[in-house]
Amino acid sequence: DGGITQSPKYLFRKEGQNVTLSCEQNLNHDAMYWYRQDPGQGLRLIYYSQIVNDFQKGDIAEGYSVSREKKESFPLTVTSAQKNPTAFYLCASSIGSSLSGNTIYFGEGSWLTVV
Amino acid sequence: AQTVTQSQPEMSVQEAETVTLSCTYDTSESDYYLFWYKQPPSRQMILVIRQEAYKQQNATENRFSVNFQKAAKSFSLKISDSQLGDAAMYFCAYRSVDFGNEKLTFGTGTRLTIIP
C-alpha cells in the first residue's frame, strides 16, 4: 500500500535521552514535514525538507534535529535539549511545490511520553 | 507571517442537520491555498476539502462545502446532513505558494460533536 509510515506508534523516553521517530513514505513525494501537536492545540511545524540533503527549521525547531539522506525517509530526533517533548508527532509529505496546489498528506502519528 | 484563527473551540449539531465551522486568516499574499482537515479520535489527519485562492467558485466535496470570502479573509466549512462519523476535530490550514515557505499553517481547531 502507498502511504506514510511512522514508527513507533508509542514511545517512552527517559529524562536526558535522545530518541528518534521514523517516517517513511513510498509516494515519491519530494517534500516532507514534521509537526507537533499538544493536547487541545493545533499543529506546529518543527522541520521541513523540500529536497534530499536539505531541510529548514519550522516554528519550534529548538531541541529537535532531522536528516534527509533519502527521498523516502525523514527521521526526527528529539534531543535531551527539548525540555517538554511529551506530545503527538505527525509526519507529512507532498509531491513538492505548492504551485500546483499539491496537498500535504499525513502519517498516523507517534506518541512520545517522557517518563 | 500568516496566521489562521478558528474562534469556535467546540460546536455541536443534531444528526442530519447542517453546521458551519468558521475560519479566518491573515496574509499579505494574493495567491495561496486553504484546506480543511478532519482529525477523528484515531488522530489521523484527513483532508476534507481544498480551495485555491485564485478561484472564485467555492469548493464542494459531497456533503462538505466552503464559503470562501477572499476580501474578508474568511474560509468557513459547511457540513450538510451531519452524520455520527463527522464527529472529530476540524482544522483550517493555510499554505503559501512562495517557494521555500510552502508549509501548512494551522488554526487551533474546532471540536465537532454530533448529537444523535
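Before any of the text, the structure's been laid out above.
One numbering rule holds for all chains: residues counted from 1, following each sequence as written. To read the labels, note that chains go from A and ligands from 1, taken in the order they are written. Local features in a predicted model are, by the rule used here, given only for residues with pLDDT of at least 70; side-chain atom pairs are given and counted only at 80 or more, and totals for whole chains, interfaces and linings are based on all residues. The side-chain quantities take in all heavy atoms of the structure and omit both hydrogens and water.

**What to know about the overall build of chain A**
Test applied: Put simply, DSSP marks the helices as runs of H or I at least four residues long and the strands as runs of E at least two long, and each gets a number from the N terminus on. Note on classification: 1.4 Å probe, protein chains only; a residue is buried when its accessible area is under 20% of the maximum for its type, exposed when over 50%, partly exposed between these limits. The criterion used for residue contact is that any of the two residues' heavy atoms lie within 4.5 Å. We get accessible surface area from the Shrake-Rupley algorithm with a probe of 1.4 Å; when it comes to residues, only the shown protein chains can shield them. In this tally, Asp and Glu contribute negative charge and Lys and Arg positive charge; neither His nor the terminal groups of the chain are included. To locate a charge, take NZ of a lysine, CZ of an arginine, CG of an aspartate or CD of a glutamate.
What chain A contains, in helices and strands, is zero helices and eleven strands. A burial count over chain A gives 52% of its 115 residues as buried. Expressed as a percentage of contacts within chain A between residues at least 6 apart in sequence, the contacts between residues at least 24 apart total 52%. Per element, the accessible surface of chain A, about 5400 Å² overall, is 48% carbon and sulfur. Side-chain charges in chain A split into 10 positive and 11 negative, and the spacing between the mean points of these groups amounts to 6 Å.

**What about the packing of aromatic side chains?**
The geometry of an aromatic ring pair comes down to the distance between the two centres and the angle between the two planes. Worth spelling out the cut-off: Pairing of aromatic rings covers Phe, Tyr and Trp, the last through its six-membered ring, and needs centres within 6.5 Å; plane angles under 30 degrees mean stacked, over 60 mean edge-to-face, and all others mean tilted. A ring is scored as having a charge over it whenever the NZ atom of a lysine or the CZ atom of an arginine sits within 6 Å of its centre and within 35 degrees of its normal.
The tally for this structure, following the rule as stated, stands at 17 aromatic pairs over all chains. Between Trp36 of chain B and Phe75 of chain B, the ring centres sit 6.2 Å apart and the planes meet at 25°, which makes this aromatic pair stacked. Of the two residues, Trp36 of chain B sits in strand β5 (residues 32-39) while Phe75 of chain B sits in strand β9 (residues 74-79), which places them 39 residues apart along the sequence. Here the two residues Trp36 of chain B and Phe75 of chain B agree in accessibility, since each one is buried. Among the aromatic residues, those joined into a cluster by ring pairs are Tyr33, Tyr35, Tyr48 and Phe106 of chain A together with Phe35, Tyr37, Phe91 and Phe106 of chain B. Here the guanidinium or amino end of Arg68 of chain A rests over the ring plane of Phe74 of chain A, the centre of that ring lying 6.0 Å away. Above the face of the Phe88 of chain A ring, Arg43 of chain B is positioned so that its terminal group lies 5.2 Å from the ring centre.

**Regarding the state of the cysteines**
Defined simply, a disulfide is a covalent bond joining two cysteines at their sulfur atoms. Residues and elements named next belong to chain A. The following threshold applies: Counting rule for disulfides: a pair of cysteine sulfur atoms within 2.5 Å.
Per the counting criterion, the structure on display carries two disulfides over all chains. The side chain of Cys23 participates in a disulfide bridge whose partner is Cys91; the two sulfur atoms lie 1.8 Å from each other. Because the sign of the S-S torsion sets the handedness, a value of about -75° for the bond joining Cys23 and Cys91 places this disulfide among the left-handed ones. Placement of the pair is Cys23 in strand β3 (residues 19-25) and Cys91 in strand β9 (residues 87-94), with a sequence separation of 68 residues.

**Quick word on the interface of chain B and chain A**
For interface size, the figure often reported is the accessible area lost on association. What counts is decided by this rule: Each of two parts loses accessible area, computed with a 1.4 Å probe, when they are put together; buried area is these two losses added. Put simply, a salt bridge is a Lys or Arg side-chain nitrogen that is within 4 Å of an Asp or Glu carboxyl oxygen. Polar contact criterion, stated in full: a pair of N or O atoms within 3.5 Å, where within protein one must be able to donate a hydrogen and the other to accept it, and residues adjacent in sequence count only if both atoms are side-chain atoms. Amino acids are sorted into nonpolar (Ala, Val, Leu, Ile, Met, Phe, Trp, Tyr, Cys and Pro), charged (Asp, Glu, Lys and Arg) and polar (every other residue, Gly among them).
Each partner contributes residues to the interface: chain B has 23 residues there, and chain A has 28 residues. Summing the contributions of chain B and of chain A, the shared interface buries around 2100 Å²; its carbon and sulfur component is 49%. Considering only the surface of chain B that becomes buried against chain A, Arg43, Arg95 and Lys103 of chain B emerge as the three largest contributors, covering 29% of it. Applying the counting rule to chain B against chain A returns zero salt bridges. The tally of links between chain B and chain A comes to nine residue pairs in polar contact (both at pLDDT 80 or more). Sorting elements by how many residues they give to the side of chain B that touches chain A places β5 of chain B first, with four residues. Its residues assigned to classes, the side of chain B that touches chain A shows ten nonpolar, eight polar and five charged.

**Comments concerning the pattern of salt bridges**
Residues and elements named next belong to chain A. Per the stated rule, a full pass over the model turns up seven salt bridges over all chains. A salt bridge links Lys71 to Asp30, with the shortest nitrogen-to-oxygen separation between them at 3.3 Å. A residue pair is termed long-range when its members are at least 10 positions apart, and Lys71 in the loop between β7 (64-66) and β8 (76-78) and Asp30 in the loop between β3 and β4 (31-37) qualify at 41 residues. On the basis of relative accessible area, Lys71 is assigned to the partly exposed category, the value being 25%. Residue classification places Asp30 among the partly exposed positions, given a relative accessible area of 32%. Members of the salt-bridge network, linked through shared partners, are Arg36, Asp38 and Arg44.

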